[in-house]
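Listed below, chain by chain, are the residues.
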Amino acid sequence: MSSTFGSFEAAKSGLSVAMQQLNVTEQNISNVNTLGYTRQRVLTSAKEPTSPAYLVAQLSKAAVGQGVEATGVQQIRSAYLDQQYRNLNTNYGYSAARSDALAYMDGLFNELDDDSSMKTSIKDFFAALNKFASDTTSKEYRTAVQKQAESMTESFRNVYEEMQSLWQDQNSSIHTASEQINSLAQKIANLNDAIARSEQNGATANDLNDERNLLLDELSGYVNITYTPNAKNSSMVDVSIGGIALVEGRNANTVNTWTMSDMAAQAAAINSDATLPTAADKQAAIQAIVDQMNAHTAPGTVTMQLNADDPTQWDILYDGKTVVEGTTALSAEDAAGGDVDMLSFLSRNRLTLVNSTTAASYELDIGSGGAITGGQLYSNIEMISNSSSENPGIPYYMNQMNELVREIAKNINDIHLQGYTYPDGSNGNTSVKGIMFFQANPVPVDADGDGTQDVDADGNLLFDYTHAYDNVTAGNFSISDAVRESVYNIAGSELKIDLSAGSTNAGNAGIAEKLAKDLTNSGYNDKLNSIVDNLAITSKTSDSIASTKGSLLDNVNTQRKSVSSVSLDEETTNLIVFQQSYNAAARIITTLDDMLDTMINKMGIN
């Protein structure tokens, strides 16, 4: 049995633990509205009785403990629910970002507004052509065709420019996300250090752990992460992206952004390097850049060849198109022309994770074998790079738009090139053939190579239109300079018009009629509807998926809060319980004091 003063110590321990429990309860109540705060509780354990060695066995062997002791302050948190939440947050981060981008793009087409929709502009253009076919001599009808054509091309350009702006925003978001990931990684590394130091000194680091958990929650929205206790110190966590270390104990690695245009600039700088005077001196360095570029596209797409003007320098080409010409790296826009996939290849932000200790670098990308499998970052990369119909990104819809305007431009031009203009003072009073209605880039024909452009039997200049529309996009879709300069350069007649002849052919409308019928023959509205409907369905589906994942995330977060957040009802109950425990322990001391007073002052007194 314990001694009298041992009983005092037991009661004292009860007072001490009850006070500590009241302090923790006070902390919980004070932080009921603190974001990320995890409720805490005092862990207690009974003190075992002492076992002194006696020479003579005691008559009573009943052993009584020495009271209670606080063994620590524990956070009430579920690691399983934390992991579930972060996995779902990664999935939701991807779906929400993709849904927002698609919803914005869907709104660009604005096909519900009859006054500004592309479908309406196409209809109005062909309605003007139909009127023009009824009287090709009318300046009013010709002007209407010109103005409606300008309106139609402008409506395509406006939507395309907004799509380009969205592409740039998504591309910039990759850089912004990488900076935010770096910031979060550094904060986690700093907290790792602070938590380790605190716990090494025997203190609890619960509040610091809360901060770190909040950072892990936020980081999981940007990119897929895994985290494990550090091998050397379990107080710290290591964080990785697709198996590539982002945080290692106290060290944070860095995510950097770069583009293929940066690589092209490096190649141009090598060509300019005076310390490498020959092509052979430069070849290995240029080849290394070409190899790195080819590693991100189909093998052999990027090639190198000696510069025609300076054989000591190397040019780099993408699918036959010049990217680097000697000491000049072309801008991505100039190099790609109308090739959306090439533009994306050259100018999209790419990611590399650089180890802060070893300087080793690892590429972060999406797709087969890619380290990035979810989060906002996955959506950003997918939206700017995916040109396929599966999970289509912005390039897919830009390509669809470009294919449509190229078809319109080619079909209208093919008909218009066969017709004759109407003679007027604004065009030199001549009726000529071979005028383009929409702007394109045909190549002058010089079959004999004498440096003079060939002409047909009527003296009209000949052009090769094989690749005339390759660089035509919805972004530069426009009427030709000739049609813009004079409405009389709009061809309506199948025959040459001579206003001074007996038979002028002025009323011939064969070409105008073919132009008006092209809408029905080519089905442009059906093709535009297909693009718009596909985007609308994709956007609606993505929004539904994001909503579902958001609900799942909310459900798990509710479960998590039910475990770790502060309940005022529960804490108020604890407050009463611990107060009663404190009062009871104090009462024991009072009772022991009365007993001692009786023993010392009253025993043996009659």
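In case you missed it, the structure is sitting above this.
These numbers come from a predicted model, not from an experiment.

Peer 1: I'd like a description of the pairing of strand β10 (residues 321-325), backed by residues and values.
Peer 2: As judged from the 3 bridges shared by strand β9 (residues 314-318) and β10, these two strands associate in the antiparallel manner. Opposite L317, over in β10, you have T322 as the bridge partner. Taking the residues that link successive antiparallel strands as the turn, the β9-β10 hairpin has 2 residues, and the phi of D319 there is positive, at about 50°. Pairing between β10 and strand β11 (residues 328-329): 2 bridges, direction antiparallel. By the bridge assignment for β11, E325 is matched with T328. Between β10 and β11, which pair antiparallel in sequence order, lie 2 residues; one of them, G326, sits at a positive phi of approximately 65°.

Peer 1: Explain the nonpolar core residue by residue, including any values.
Peer 2: Among the nonpolar cores identified, the biggest contains 93 residues, and M105, F125, F156, V239, L246, F437 and F438 are the most heavily contacted of them. When residues of this core are assigned to their parent elements, the largest contribution, 17 residues, is made by helix α4 (residues 139-200). Core analysis: the second largest hydrophobic core is formed by 25 residues, A268, W314, I316 and V323 among them.

Peer 1: Please set out a nonpolar patch on the surface residue by residue, giving values where relevant.
Peer 2: A cluster of nonpolar side chains, V455, L461 and F463, forms an exposed patch at the surface whose accessible area comes to about 250 Å². Here V455 lies in the loop between β14 (443-444) and β15 (463-464).

Peer 1: Explain the sheet that holds strand β12 (residues 350-354) to me, and be specific about the residues and the numbers.
Peer 2: Read from one edge of the open sheet, 3 strands run β7-β12-β13, paired in antiparallel fashion. Two strands in the sheet have a free side with no partner beyond their single neighbour: β7 (254-258) and β13 (361-364). Sheet twist, expressed as the mean angle between neighbouring strand axes with direction ignored, is 30°.

Peer 1: Please provide a residue-by-residue account of the sheet that holds strand β5 (residues 244-248), values included.
Peer 2: Here we have 4 strands laid out as an open sheet, ordered β3-β4-β5-β6, and antiparallel in their pairing. Edge strands, defined here as strands with exactly one partner in the open sheet, are β3 (226-229) and β6 (251-252). In the sheet, β5 pairs with β6 via 2 bridges, with the strands oriented antiparallel. Its bridge partner being in β6, V247 is matched across the sheet by A252.

Procedures and definitions
- Along each chain, residue indices are assigned from 1 in the same order as the chain's sequence is written.
- Predicted model: local features are reported for residues with pLDDT of at least 70 only, side-chain atom pairs are reported and counted for 80 or more only, and whole-chain, interface and lining totals are derived from all residues.
- In computing side-chain values, all of the structure's heavy atoms are included and hydrogens and water are not.
- Paired strands are those between which DSSP finds at least two bridges.
- The helix count covers DSSP runs of H or I at least four residues long, the strand count covers runs of E at least two residues long, and both are numbered beginning at the N terminus.
- Throughout, nonpolar core names a set of buried Ala, Val, Leu, Ile, Met, Phe, Trp, Tyr and Cys residues whose side chains join them through atoms within 4.5 Å.
- Categorising residues by exposure relies on relative accessible area from a 1.4 Å probe, with only protein chains included: less than 20% of the type maximum marks a residue as buried, more than 50% marks it as exposed, and the intermediate range marks it as partly exposed.
- Patches in this entry comprise residues that are over 30% relatively accessible and not in a salt bridge; like charges within 9 Å are linked, as are nonpolar side chains (Val, Leu, Ile, Met, Phe, Trp, Tyr) within 5 Å.
- All accessible areas in this document rest on Shrake-Rupley with a 1.4 Å probe, and a residue is counted as covered only by the protein chains that are shown.
- Every case where a carboxyl oxygen of Asp or Glu lies within 4 Å of a side-chain nitrogen of Lys or Arg is listed as a salt bridge.
- Geometry is summarised by axes, namely lines fitted to C-alpha atoms with helices restricted to the contacting stretch, and by angles between N-to-C directions that run from 0 to 180 degrees.

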